[in-house]
Structure formats: C-alpha cells, structure tokens
Amino acid sequence: MNTILSIILSAILVGAGCSEEDKTVAPPPPVVAPDNPDNVMVVVTSRSDVSNQTNVGLRVIEDAVLAGNEENISTLRIDINQTYQEMDGFGYTLTGGSAQHLMGMSASNRKALLEELFGTDAEKGQLGISFLRLSIAASDLDEKAFSYAMVKGEDNDLLKNFSISEDQKNLIPILKEIVAIQPGIKFLSTPWSPPTWMKTNNSAIGGQLLETYYEAYADYFIKYIEAYKREGINIYAITVQNEPLHPGNEPSMLMHADEMANFIAQQLGPKFREVNIDTKIITYDHNADRPDYPIDIIKSPANEFISGSAFHLYGGDISALSQVKAADVTKDIYFTEQWVDSEDADFGGTLMWHFENIIIGATRNWAKGVMEWNLTSNSALTPRTPGGCTRCLGGLTVDDNEVNRNVAYYIIGHASKYIPVGSVRIKTNQMGNLPNVAFLTPEGKTVTLIMNNSESNTKLNLNFSGTDEKYTVSLPSNSVATIVHTKPVS
C-alpha cells in the first residue's frame, strides 16, 4: 500500500459507502485498438450482448472518445497520485470438476483454450486470468467428498496415509499447463472439510474440528503446500475454512470465529513459521453480513499470523469489506467467490449486478483479488457431490471440445485483460449511475472500470488530475466498460 495511514483511513470512510433457451455467447474478437490520436480505448459489454447472444462482448467501441470536455455532463476525475491497494489479480475457482472438463478436451483444443484464458496478450484476445482459487481436497463440485488422509494413521504419525493422488488425476496436470503459460499466476487454496476423523461427527458434512487434532490439521496444511510445491505449484495463500458458518454443504464444516482464531494462534501460524512456509493465512472466507467474524480474529492473538480476510456476497453489503479493513489497515482484503445461477433468466442483469458489486464494489472496498465461482462447468452441471451445487454456471461451459463462454467470462475479462498483477487502485470520484474504479498499471497506463446503469447512451468527461489531458467518452446504455489510457500518464 502506497499511502500514508491518514490517507488510508480517509479513503476507507469514503469507500465504505459503495454497495452495492441457450445462455452462452461466442468468444470475443481479438482486441484491436482503434486509430485514436488520444490513445484512449473503450471496451464494452452491454446487457443485451450477454442476454441476446450478439457475440460482441468485450468489443472495442470506435469513435467513443473525443479530445476535450463538454459542458453540462458529469466528469470522472482520475488522480494517479493517490493510490490504495496493490492488486493480486482477477480470476475464478478451478474446482476438480473444472479440471475434469478441461482434461476431457483434446490436447490441442485444451492448449488453445488455456492460452486464451491465461495468456496475457489482450491484443490476441487472451483473458489474462492471474488468480485462481483451489480446493484443498474436495469441494462440492467434485464427484465425491474426499480428503488427503481418508484413513487415520498411528498415534505417532496421524497423517501416515496423506496423499494428493486424487488431485493428480486431473487438477494438477491442468495446473502445470496453466503455470507453463503464466508462471506468475497466484493460487489461493481453501478446504471444504478436514479429514472426517478429525471432526466431532466423523462426517464430511458439518461437524467441528476437534481440538485434539489442531496440531495434525496444521500439519495437513503443511503437507499439502509441500506436496504441491514438489509438483511445481506454489500456493500463494490459504484460507482456513470455506464458508465456516455454512455446515450444511457436502463437504463442509462449522467453525466459529474463536475456533478459527485458536487454531491459527495455537498451531497453524506457529507451525508455518517454524518450517519457514511463507504462504499467507487468510481468515473467514464467507459472506459480508458477518464482518464481526474476521474482526474478532483481528482482535485475537491470531492476528500475529494472518495476512487478511476473504469474503463472499451471498449476504450482506460489499461495504463491510471496508469495515474489516478499518479494524487493521495492515491486513489485506480478498473477494473469493460469487456464483452465477444457471436458472437465471436475465444474464444481462447478472452482468450488471456482478460488475457493480463484485468487480467495482469489492475493489473500491480494498479487495486485492477478485474471483468468481467457478471456471468451467459442463452442460449437465456435473460432477458434484450428492449435496453439491446444482445450479452453478461456470465462466465457460465445456462439453468435450465444444466451448461456450458465459456471462462470468465477461465479468472477469473486463478486469483481468487490462489490470495485471502489481497494478494499484487510484482515486476516482463517485458518479451516481456511473459506478467506477480505476487502476494504475506497472507500465504506467490507467485502466478505468465503469458502467452505465442508464437506459440511454451517456457521455462523460474524463480528466486526469495534475495534467492537461481531458476527453469526452461515450458509453452505450446498460453496459459495462473498460477504458484504457494506452499512453502512460506522467
């Protein structure tokens, strides 16, 4: 973070007010910047693009930018000198089921698709996904619930039977192909449940972690990180438990804030430090309606070992992320999951809601990384556990070698294509029906994510503080847009 503490606290207070048939579309064309003497490119996906399959999402709008300002229209002011959080990236969860779909493709088709998704050349139409969430053992979008230690070992070696063999079938081969395309990609990993023998009910569903097994469970995380490292996959961060207040999923576990804090402080944090593991420990990983949960951990002895907190938005308001940030401004914020409902009749509405609340809302409220759920599904929405999600639509639908790009592809793509890891959020003003957030990239370019919630086409002035650069930008009605200033701003 590049601002002094007083600026950060002021910005928190400002940001906290931001809340907020066939259903697939074809891939976008490669991005070709228009002949624009002012070096400003506008990329748009409209509500009708994803609703009516017009196959023109992430399209460059010609003649959208004019030099100079107009009178009597709103002005977006971008201040590159006031910076906030540095970004870790944008992406999805890559479940075991997602990996299974990708492994079902031919090698050549899979290679082309993975290069499209994880390559970083926007001019070739590549999406530049830079952050992936993985499940530690099974999620509910695997064929079955499993752990890496299904059978308890002897008392002197409880994890004797530890094995990542299930992941080696599909997930790890896919991750190796992704790393070959983008070596710097970051992975955040999350357990849905520990081994059942560590739990009060000896079941994959619900139950709580027995204190007797705190040490063994901390060792379980370490063995996972080390096993993946041997495969050439570095785990950047872990969260301690997926949705700890939702014990009804399969798999799942109930974990109250005091339990998570005690587990981190007594075993997980000290053990990571003892064996020199630098993987970040992230708390909570559940809805924004309970900011008290991560705040309680911040106020506990566990705070010494944690790097931040993670959120979903199936409940609460996105402004809660700023509330948690204010509790300890040295800790980071992540947004790790939001699903798209396959039965939603209005994917245009989904585009607009997710862009406003997740892409713009989460980052304006300090999120360093933003991920949707999940990367790929098939048309049958399988595999899943018996209690798994029956309506979770992936960013893409993959059936053998047939690929369709769904609404979440465009939601993430508007950010991941143009905002690389290491970009920093910069100051912009709020504008009513034009929610927005802006970033300064490592190359010195400015990237603004903005949406027009109006039923009519809208113009706005675009000004850069401290410079003479002034533009007028036109946005289509009911659309989301990425505005790239392709000339570095000094």
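Scroll up a little and you will see the structure.
Only a predicted model underlies this, so the values are computations on that prediction, with no experimental measurement involved.

Our next topic: the overall build of the protein chain. The number of helices and strands found in the protein chain is eleven helices and 23 strands. Here the C-alpha radius of gyration of the protein chain, 22 Å, is about what a compact globule of 490 residues would show, namely 23 Å. The buried share among the 490 residues of the protein chain stands at 62%. Carbon and sulfur atoms form 45% of the exposed surface of the protein chain, whose accessible area is close to 17,900 Å². For the protein chain, the distance from the average site of its 37 positive side-chain charges to the average site of its 59 negative ones is 4 Å.

Here we come to the packing of helix α6 (residues 214-230) against helix α7 (residues 257-274). Where α6 contacts α7, the axes come no closer than 9 Å and their chain directions differ by 55 degrees. Looking at the two axes, α6 sits oblique to α7. Every pair of crossing elements has a handedness; the one defined by α6 and α7 is right-handed. Contacts between α6 and α7 involve Y214, E215, Y217, A218, D219, F221, I222 and I225 on the former and, on the latter, E259, N262, F263, Q266, Q267, L268, K271 and F272. Looking at side-chain class alone, the contact of α6 with α7 contains nine nonpolar, three polar and four charged residues.

What tends to happen in soluble globular proteins is that the nonpolar side chains get buried as a cluster. L94, Y148, Y228, I238, F263 and L268 are the most contacted members of the largest nonpolar core, which totals 119 residues. The dominant element in this core, judged by the number of residues it contributes, is α6, at eleven residues. Residues contacting L94, with those up to four places away along its chain left out, are A99, L102, L132, R133, L134, L171, I174, L175, I178 and L375. By size, the runner-up hydrophobic cluster in this structure holds 24 residues, among which are V44, I78, F464 and L475.

For the rest of this paragraph, the subject is the state of the cysteines. Cysteine pairs can be covalently joined through their sulfur atoms, and such a bond is termed a disulfide. Following the criterion strictly, the structure yields one disulfide and no others. With its sulfur 2.0 Å from that of its partner, C389 forms a disulfide with C392. Residues C389 and C392 are joined through a disulfide that is right-handed, its torsion about the S-S bond being 100 degrees. For the pair C389 and C392, a shared accessibility class is recorded, and that class is buried.

Topologically, D88 is positioned in the loop between β4 (75-86) and β5 (89-93). Within the structure, D88 has its side chain in polar contact with the side chain of Y236 (distance 2.7 Å). Polar contacts involving the side chain of D88 include one to the side chain of Y334, which spans 2.9 Å. Among residues more than four places away in sequence, those in contact with D88 are S130, F131, K186, Y236, Y334, K368 and V421.

Here the focus is the environment of S165. Relative to the assigned elements, S165 resides in the loop between β6 (131-136) and α5 (171-181). You can call S165 partly exposed: its relative accessible area is 37%. Remark: the alpha-carbon pair of S165 and R391, spanning 226 residues in sequence, is separated by 28 Å.

Around the barrel, which closes on itself, the eight strands sit in the order β5-β6-β7-β8-β9-β10-β11-β13 with parallel pairing between neighbours. Taking the axes of each pair of neighbouring strands and ignoring which way they run, one obtains an average angle of 30 degrees across the sheet. Two strands pair when backbone bridges link them, and strand β10 (residues 308-316) and strand β11 (residues 332-337) are joined in this way by five bridges, in the parallel orientation. From the neighbouring strand, G308 faces β11, where its bridge partner is D332. Against the sheet, helix α11 (residues 407-416) makes contact with β5 and β13 (367-372), and its axis sits at roughly 155 degrees relative to β5, the strand it touches most.

Within strand β23 (residues 479-485), seven of the seven residues are buried, which leaves it mostly tucked inside the rest of the structure. Where burial is concerned, the two faces of β23 agree: the one with S479, A481, I483 and H485 and the one with V480, T482 and V484 are both buried.

Turning our attention to empty space enclosed by the protein. Put simply, the largest cavity is a space of about 70 Å³. If you trace the largest cavity, you find 13 residues lining it, with L141, N374, S377, T382 and P383 closest to the centre. Put simply, the parts of the chain that give the lining of the largest cavity at least two residues each are α3 (96-103) and β14 (376-377). Counting residues per element, the lining of the largest cavity draws most heavily on α3, which supplies three residues. A per-class count over the lining of the largest cavity returns five nonpolar, eight polar and no charged. As a volume, the second largest cavity reaches approximately 30 Å³. In terms of lining residues, the second largest cavity is bounded by W192, Q241, N242, E243, H246, N249, P251 and S252. Considered class by class, the residues forming the lining of the second largest cavity number two nonpolar, five polar and one charged.

Omega for the bond connecting E250 with P251 falls within 30 degrees of zero, at 0 degrees, which places this linkage in the cis form. The step from T382 to P383 runs through a cis peptide bond, and the omega angle for that step is 0 degrees. Position of P383 among the secondary structure elements: in the loop between β14 and β15 (392-393). Of note in the backbone geometry, N276 takes a positive phi value of approximately 60 degrees without being a glycine. Position of N276 among the secondary structure elements: in the loop between α7 and β9 (280-288). Since its relative accessible area comes to 69%, N276 is described here as exposed.

On to the packing of aromatic side chains, then. This model, assessed by the stated rule, comprises 20 aromatic pairs. Relative to Y334, the ring of F131 lies with its centre 6.2 Å away and its plane at 65 degrees, an arrangement referred to as edge-to-face. Here Y334 lies in strand β11 and F131 lies in strand β6, a separation of 203 residues in the sequence. Both residues of the pair, F131 and Y334, belong to the buried class. Taking NZ or CZ as reference, R425 lies 5.1 Å from the ring centre of W366, over its face.

Parameters at a glance
- Residues numbered from 1 in each chain as written.
- Predicted model: local features only at pLDDT ≥ 70, side-chain atom pairs only at ≥ 80, totals over all residues.
- Heavy atoms only, no water.
- Helix = DSSP H or I, 4+ residues; strand = E, 2+ residues; numbered from the N terminus.
- Rg over C-alpha atoms; globule rule 2.2 N^0.38 Å.
- Buried < 20%, exposed > 50% of the residue type's maximum accessible area, 1.4 Å probe, protein only.
- Areas by Shrake-Rupley, 256 points an atom, 1.4 Å probe, with all protein chains shown as cover.
- Lys, Arg positive; Asp, Glu negative; His and termini not counted.
- Charge placed at Lys NZ, Arg CZ, Asp CG, Glu CD.
- Axes fitted to C-alpha atoms, helices over the stretch in contact; angles between N-to-C directions.
- Parallel < 35°, antiparallel > 145°, perpendicular 65-115°, else oblique.
- Left-handed = near helix turned anticlockwise from the far one by under 90°.
- Contact = heavy atoms within 4.5 Å.
- Nonpolar A, V, L, I, M, F, W, Y, C, P; charged D, E, K, R; others polar.
- Core = buried A, V, L, I, M, F, W, Y, C linked by side-chain atoms within 4.5 Å.
- Disulfide = S-S within 2.5 Å.
- Polar contact = N/O pair within 3.5 Å; in protein donor to acceptor, adjacent residues only side chain to side chain.
- Pairing = 2+ DSSP bridges.
- 1 Å grid on protein atoms, 1.4 Å probe; cavity = no way out; pocket = protein on both sides within 12 Å on 5 of 7 lines; lining within 4 Å.
- Points joined across faces, edges and corners; volume = space filled by probe spheres on them.
- Phe/Tyr/Trp six-rings, centres within 6.5 Å; stacked < 30°, edge-to-face > 60°.
- Lys NZ or Arg CZ within 6 Å of the ring centre and 35° of its normal.

Remember that the coordinates give geometry; whether it matters functionally is a separate question.
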